[in-house]
Every structure is written in C-alpha cells, then in structure tokens.
Amino acid sequence: MNIYRLYEASHQPKETRPPYDTVYMVQLIGLSLLGGAVALINDLTKPISPLTAFNVGLSLPALLKAGADSRVKSTRKRKSDSSARIN
C-alpha cells in the first residue's frame, strides 16, 4: 500500500506532492522487513504455504495497529477508573 502511495505521489507536481521524509521511508522499509520476519518465523515454527506467508506478512501493519489501539483503550480505561475513585 505504501509503495502505491509513493508511486502516485511521484506523478504529482512538486508543489502538491506530500513531503516524504526519512521517517516515512524508515517506516516503509521497517514494516516490510518486520512483515517478512514474522512470515519467516511463522514458517519455521510450522511450515506454511507461500501464499499464507505472504498474507501473514501483509497483515502485520493491521496487527500492530490493533495492538496499539487495545493498549490505548486499556490505558484510558485505567485512567478513568482511577479518576473516578479519587472523586
């Protein structure tokens, strides 16, 4: 998905092109490597088909987002519970 965004942005004029700095590129490369590592680890523990490994690697950003969202929700719940006890 990120590669497609980079491709689309490359066809826009420089004035309207969003700034893609090193942080974005590190994220792109890091998530790609992490997805490949997770697929490889999954394959080493239990042999899976190449299509399943590809799917596991692609689902990594969604899994990271779901995990981050659940942490934020649990942190907010703890803060609201503790503020309710104080009042």
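Criteria and thresholds
- Residues numbered from 1 in each chain as written.
- Predicted model: local features only at pLDDT ≥ 70, side-chain atom pairs only at ≥ 80, totals over all residues.
- Heavy atoms only, no water.
- Helix = DSSP H or I, 4+ residues; strand = E, 2+ residues; numbered from the N terminus.
- Buried < 20%, exposed > 50% of the residue type's maximum accessible area, 1.4 Å probe, protein only.
- Areas by Shrake-Rupley, 256 points an atom, 1.4 Å probe, with all protein chains shown as cover.
- Expected span 1.5 Å × (residues − 1).
- pLDDT = per-residue confidence, 0-100.
- Patch = residues over 30% accessible without salt bridge, like charges linked within 9 Å, V, L, I, M, F, W, Y side chains within 5 Å.
- Salt bridge = Lys/Arg side-chain N within 4 Å of Asp/Glu carboxyl O.

Caption draft 1: Examining the overall build of the chain more closely. Helix and strand counts for the chain stand at 3 helices and 0 strands. Counting from the amino terminus, the chain carries its helices and strands in the arrangement α-α-α. Across the 87 residues that make up the chain, the buried fraction comes to 11%. Summed over all atoms, the accessible surface of the chain reaches about 7,400 Å², with 65% contributed by carbon and sulfur.

Caption draft 2: Representation of helix H2 (residues 22-45) within the structure. Taking 1.5 Å per residue, 24 residues should reach 34 Å; H2 reaches 34 Å between its end C-alpha atoms and fits that length. Those residues of H2 that fall on the buried side of the exposure criterion are Tyr24, Leu28, Gly35 and Ala39.

Caption draft 3: Fine view of the confidence of the model for the chain. For the chain, per-residue confidence averages 76 on the pLDDT scale, and residues scoring 70 or more make up 79% of the total. The secondary-structure element of the chain with the lowest mean pLDDT is helix H1 (residues 2-10), recorded at 70, while H2 shows the highest, at 82.

Caption draft 4: Layout of a nonpolar patch on the surface. Taken together, the side chains of Leu51, Phe54 and Leu58 make up a nonpolar region of the molecular surface, amounting to roughly 370 Å² of accessible area. Turning to its location among the elements, phenylalanine 54 is positioned in helix H3 (residues 50-86).

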